[in-house]
Amino acid sequence: MAPSVGSSNVLGQFVALPYFLTLGPSAAATIEPIVFNRENPVLAGEYRQRLRDGALVLNASVTSANVYDDNNRRTGRTTPRSHIAGSGRFDIDETWRWGFDIARASQDNYLLRYKLFDRFSFIDRNTLTSRAFVEGFDGRSYGAAQAFSFQGLRPEDDPRVSPVVLPQLDYHWVGESDRRGGYLDFRSYSYGIYRSEGTRSERTAGILGYTLPYTASTGEVWTLGASIQGDIFHVGQRGQFDAGFRPANEGFSGRVFPQVSLGWRYPFVRAAAGSRTVVEPILSFVAGPRLGGQERFPNEDSRSSDLDDTNLFRRNRYTGLDRLEGGQRVTYGLNTDTRLDGGARFSAFLGQSYRFQREESLAFESGLADNASNLAGRMLAAPHEWVTATWRFQAYREDLAAARNTAGLTLGPEALNLGVSYAFIDRASQPSLSRDLEQVSTRVSAMLNEN
């Protein structure tokens, strides 16, 4: 196949010479030696196969790398370095399937050093995730059993606190609508998290909910929701490295959390010659018991809560399940959307929530810690099918200064288009930042032919 060439400050110039091999009617492989002028060569490759009940793709590489001393001089010794990655999906029957994803490297910097991230299309360059799973889809229900392991690639990642998740069990069921249009839903999940050092815990939870939508004769749309959640935690070991997220004590603990919500929106529609405009005020009320700081429970998946237009009206605005947003609050916003007959579209949204009590578990940087939240909004303008501009923002309520901004612009048809995106994050809204973050990225995309 066509060779590729490149250069690296560490490895010098290199050339890759891929060879494509057909291995029968349903399998193929690519063998790719990569030769460097400052380092020993790498042998890389990918294997692909279709089976009667599924498919798999695996890629791997190996080299004998030189060993350097603290002064960056060769010692004369070599050490093996390698990686393996891939995925497989296989049907068991019409309801169940199983599969795997694997991603491991012998050293944390191996994939970056040898420029293998792009060669094998790794999406996440900070963490390699491996998992095995079985899942089933049956009518209005879904069940899964999974296991996960992780390899952190950043210098600050400590493998001693990297978790192994075994097992993670999920079940979700949505009932049929009753005569009023309401429906029940139930979800249960369990998982165990183990580390050589750090917090070890197990958890089982169940959530039963009822949702009743109603559209009044005046056009108002109401949604009544009620749920009750029960959790049981067991902490076998408190970690020494995850301060702020580890539980206060070892042993068993539990909670029961009922919550009700009432949502209202009133879409006004104005049809004119060549256009259609919707103006929609939105209001919701959520009530549940206050939960305080929730220090009794481990926090694995709810370590952030980023406020934006997509989650402002959610009942729980944490990113995960370990933390719940208690108390009473009202959320309000206005959504508008205009569409022209020629295909142009313009839309905007602005919203905020007000909490009647402070919630101790919500961090300041979330934008939700005070009684009144920061403002969250979105704007979209697409005057032509070749021009689309978007802007999402979070603004401090006191002075409307930007806490976060993301904007994007796309110009051109599918055959040839330019994309520009911009992001701003105020360091006060992201504690890990030592200063404000601002970045611009660009891309050009061209479609040469149908292939």
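Basis of the calculations
- Residues numbered from 1 in each chain as written.
- Predicted model: local features only at pLDDT ≥ 70, side-chain atom pairs only at ≥ 80, totals over all residues.
- Heavy atoms only, no water.
- Helix = DSSP H or I, 4+ residues; strand = E, 2+ residues; numbered from the N terminus.
- Contact = heavy atoms within 4.5 Å.
- Areas by Shrake-Rupley, 256 points an atom, 1.4 Å probe, with all protein chains shown as cover.
- Phe/Tyr/Trp six-rings, centres within 6.5 Å; stacked < 30°, edge-to-face > 60°.
- Buried < 20%, exposed > 50% of the residue type's maximum accessible area, 1.4 Å probe, protein only.
- Lys NZ or Arg CZ within 6 Å of the ring centre and 35° of its normal.
- Patch = residues over 30% accessible without salt bridge, like charges linked within 9 Å, V, L, I, M, F, W, Y side chains within 5 Å.
- Salt bridge = Lys/Arg side-chain N within 4 Å of Asp/Glu carboxyl O.
- Core = buried A, V, L, I, M, F, W, Y, C linked by side-chain atoms within 4.5 Å.
- 1 Å grid on protein atoms, 1.4 Å probe; cavity = no way out; pocket = protein on both sides within 12 Å on 5 of 7 lines; lining within 4 Å.
- Points joined across faces, edges and corners; volume = space filled by probe spheres on them.
- Nonpolar A, V, L, I, M, F, W, Y, C, P; charged D, E, K, R; others polar.
- Polar contact = N/O pair within 3.5 Å; in protein donor to acceptor, adjacent residues only side chain to side chain.
- Pairing = 2+ DSSP bridges.
- Lys, Arg positive; Asp, Glu negative; His and termini not counted.
- Charge placed at Lys NZ, Arg CZ, Asp CG, Glu CD.

Across its full length, the chain carries 2 helices and 24 strands. The dimensions of the chain, computed from C-alpha atoms along their principal axes, are 75 × 65 × 55 Å. Relative to all contacts within the chain whose residues are 6 or more apart in sequence, the contacts with residues 24 or more apart total 50%. Of the roughly 25500 Å² that the chain leaves accessible, carbon and sulfur atoms contribute 56%.

With that settled, the discussion passes to the packing of aromatic side chains. Applying the stated rule across the entire model yields 16 aromatic pairs. When the centroid spacing of 5.7 Å and the interplanar angle of 70 degrees are considered together, the rings of Phe36 and Tyr114 count as edge-to-face. Linking Phe36 in strand β4 (residues 27–36) with Tyr114 in the loop between α1 (110–113) and α2 (116–119), this pair joins segments that are 78 residues apart in sequence. A single burial state applies to Phe36 and to Tyr114, both of which are buried. Above the ring of Phe297, the side-chain terminus of Arg255 is found at 4.8 Å from the ring centroid.

On to a nonpolar patch on the surface. The grouping of Tyr214, Trp222, Leu224, Leu262, Leu283, Phe285, Tyr332, Tyr354 and Phe356 at the surface amounts to a nonpolar patch, some 820 Å² of accessible area in total. Only β14 (221–237) and β17 (275–287) provide two or more residues apiece to the nonpolar patch. Accessibility expressed as a relative area gives 41% for Leu224, which makes it partly exposed.

Residues Ile34, Phe36, Leu111, Tyr114, Leu116, Phe122 and Leu128 are the most contacted members of the largest nonpolar core, which totals 20 residues. Contributing elements (two or more residues each) for this core: β2 (12–16), β4, β5 (42–51), β8 (96–105), α1 and α2. Each residue touching Tyr114, except ones within four places of it in the same chain, is listed here: Leu11, Phe36, Glu39, Val42, Thr63, Ala65 and Arg81. Counting residues in each nonpolar core, the second largest holds 8 residues, with Ile282, Leu362, Leu368 and Ala376 among its members.

Here we come to the environment of Thr215. Here Thr215 shows up in strand β13 (residues 200–215). Considered as a pair, Thr215 and Ala372 are 157 residues apart in the sequence and their alpha carbons are 30 Å apart. When near neighbours in sequence (up to four residues on either side) are disregarded, Thr215 contacts Glu220 and Val221.

On inspection of all chains with the given rule, the structure shows 28 salt bridges. Close ionic contact of Arg131 with Asp101 constitutes a salt bridge, the shortest N to O distance being 2.9 Å. In this pair, Arg131 sits in strand β9 (residues 127–138) while Asp101 sits in strand β8, placing the two residues 30 residues apart along the sequence. Each of Arg203, Asp231, Arg255 and Asp322 takes part in one network of salt bridges that share partners.

The next thing to look at is unusual backbone geometry. Put simply, Leu166 and Pro167 share a cis peptide bond, and its omega is -15 degrees. Turning to its location among the elements, Pro167 is positioned in strand β11 (residues 164–174). For Lys115, which is not glycine, the phi dihedral falls at a positive 55 degrees. Inspection of the secondary structure assignment puts Lys115 in the loop between α1 and α2. Positioned with a positive phi, Ser121 is a non-glycine residue whose angle comes to about 55 degrees. Positionally, Ser121 belongs in the loop between α2 and β9.

What follows concerns empty space enclosed by the protein. For the structure on display, the rule yields 1 cavity of 30 Å³ or more. Counted as a void, the largest cavity has a volume near 30 Å³. Lining the largest cavity are Arg317, Arg329, Ser353, Tyr354, Arg355, Leu368, Asp370, Asn371 and Ser373. No other element matches strand β19 (residues 345–355), which puts 3 residues into the lining of the largest cavity. For the lining of the largest cavity, a count of residues per class yields 2 nonpolar, 3 polar and 4 charged.

Before going further, it helps to examine the side chain of Asn59. Relative to the helices and strands, Asn59 resides in strand β6 (residues 54–68). A polar atom in the side chain of Asn59 sits 2.8 Å from the side chain of His83. Contact partners of Asn59, with chain neighbours within four places excluded, come to Gly45, Glu46, His83, Ile84, Ala85 and Phe120.

The next subject is the layout of surface pockets. Of the pockets and cavities examined, the largest pocket occupies roughly 1300 Å³. Among the secondary structure elements, those contributing two or more residues to the lining of the largest pocket are β10 (141–152), β11 and β12 (183–194). Per element, the largest residue contribution to the lining of the largest pocket is 5 residues, and it comes from β12. When grouped by side-chain class, the residues that make up the lining of the largest pocket number 13 nonpolar, 9 polar and 14 charged.

Okay, the environment of Ser304 next. Position of Ser304 among the secondary structure elements: in the loop between β17 and β18 (328–340). When near neighbours in sequence (up to four residues on either side) are disregarded, Ser304 contacts Tyr318 and Thr319.

Attention shifts here to the pairing of β2. As paired strands, strand β1 (residues 4–8) and β2 are joined by 5 bridges and run antiparallel to one another. Opposite Ser7, over in β2, you have Gln13 as the bridge partner. Linking two consecutive strands that pair antiparallel, namely β1 and β2, is a turn of 3 residues.

Where like charges cluster on the molecular surface, the negative patch consists of Asp53, Asp91, Asp93 and Glu94. Checked against the element boundaries, Asp53 lands in the loop between β5 and β6.

Let us now look at the pairing of β5. Looking along a regular strand, one sees side chains alternate from face to face of the sheet. In terms of strand pairing, β4 meets β5 through 8 bridges, oriented antiparallel. Bridged to Ala28 within β5 is Arg48. Relative to β6, β5 is paired through 10 bridges, and the arrangement is antiparallel. Bridged to Glu46 within β6 is Asn59. Counting the residues in the hairpin turn of β5 and β6 gives 2 residues.

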